[in-house]
Amino acid sequence: MSTTTTTAAAAPADARMLGLAHYAARGLLEHVLARHGATFLEQVTLRTAVTAGAPLSQEELVAGVRASLKGSPADTLAALASLRAKGLLVADGPRLLPTDAGRELLAAVGAETAPVSARVWADIPEEDLAAAGRVLALVAERADRELAALERAAAESPTPES
């Protein structure tokens with residue numbers, strides 16, 4: 001039995017295991033992004049703009065990134081400013097458009113990460129991938145629901161006075 005199989009069989013899926021997998025994969029991506037002078041948040045923001053299908057307003061782009069990463073709108077606004085300063089996004093009236101350079105960056109990062117990703121996912125049985133996909137979708141749905149409840153509760157509760 002291979003080490004990967006033994007490790008996978010010995011460790012049940014839980015929040016820690018999900019986090020470890022996420023950060024391992026993200027570390028690989030960030031290594032490639034660093035060579036291109038980009039950050040993870042910039043890449044997610046640019047990808048959101050490129051895959052939107054139509055130009056987005058700044059507010060729509062921030063909301064799209066927030067839906068994916070659950071991060072701070074201020075951080076996404078900073079990423080947008082950086083992408084514009086680097087010439088990877090441009091304003092067209094109230095809409096933001098990816099430039100050719102922005103699309104080229106995503107293509108280059110995709111080309112560099114594809115072989116690594118293929119090695120990471122190689123030889124995982126389809127039925128395992130399908131089961132993992134179902135579990136991860138359910139975990140994401142439940143976590144999104146919990147986060148929405150926490151955010152509603154925070155918005156409804158009075159803020160403590162200093």
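Look up: the structure comes first, before these words.
Notes on the structure in this doc start here. (Residues numbered from 1 in each chain as written. Predicted model: local features only at pLDDT ≥ 70, side-chain atom pairs only at ≥ 80, totals over all residues. Heavy atoms only, no water.)

**Description of the overall build of the chain**
Selection criterion: Helix and strand labels come from DSSP, where a helix needs a run of H or I of at least four residues and a strand needs a run of E of at least two; each type is numbered from the N terminus. Think of it in three bands: residues with accessible area under 20% of the maximum for their type are buried, residues over 50% are exposed, and the middle band is partly exposed, with areas taken using a 1.4 Å probe on protein chains only. The contact criterion used throughout is that any non-hydrogen atoms of two residues lie within 4.5 Å. All accessible-area figures derive from a Shrake-Rupley calculation using a 1.4 Å probe, and residue coverage is judged against the displayed protein chains alone. Just so you know, the count uses Lys and Arg for positive and Asp and Glu for negative, and it drops His and the chain ends. In plain terms, the charge of a residue is placed at NZ if it is Lys, CZ if Arg, CG if Asp and CD if Glu.
Within the chain, the regular secondary structure consists of seven helices and three strands. The C-alpha extent of the chain, read off along each of the three principal axes, is 60 × 45 × 30 Å. When burial is assessed residue by residue, the chain has 19% of its 162 residues classed as buried. Sequence separation of 24 or more characterises 58% of the internal contacts of the chain that already satisfy a separation of 6 or more. For the chain, the accessible surface area stands at approximately 10,800 Å², while carbon and sulfur atoms represent 61% of it. The chain carries 15 positive and 20 negative side-chain charges, and their two centres are separated by 1 Å.

**Some details on the side chain of Gln43**
Along the chain, Gln43 turns up in helix α3 (residues 40–51). Classification of Gln43 by relative accessible area gives buried; the value is 8%. In contact with Gln43, other than residues within four places in its own chain, are Leu29, Leu33 and Leu106.

**Brief notes about the pattern of salt bridges**
As a reminder, the rule being used: Any carboxyl oxygen of Asp or Glu that lies within 4 Å of a side-chain nitrogen of Lys or Arg is treated as forming a salt bridge with it.
Here the structure, examined in full by the defined rule, presents seven salt bridges. Across the pair Arg35 and Glu112 runs a salt bridge whose closest N-O atoms are separated by 2.6 Å. Here Glu112 lies in helix α6 (residues 100–121) and Arg35 lies in helix α2 (residues 15–35), a separation of 77 residues in the sequence. On the accessibility criterion, Arg35 (51% relative accessible area) is exposed. A salt bridge links Arg66 to Glu151, with the nearest nitrogen and oxygen atoms 2.1 Å apart. On the criterion of sequence distance, the pair formed by Arg66 in helix α4 (residues 58–69) and Glu151 in helix α7 (residues 126–156) is long-range, its members being 85 residues apart. In this structure Arg66 comes out as partly exposed when scored by relative accessible area, which is 25%.

**Things to note about unusual backbone geometry**
Positive phi, close to 65°, is recorded for Lys70, a residue that is not glycine. Relative to the assigned elements, Lys70 resides in the loop between α4 and α5 (73–85). Overall, Lys70 belongs to the partly exposed group, its relative accessible area being 31%. You will see that Asp123, though not glycine, has its phi angle at about 65°, which is positive.

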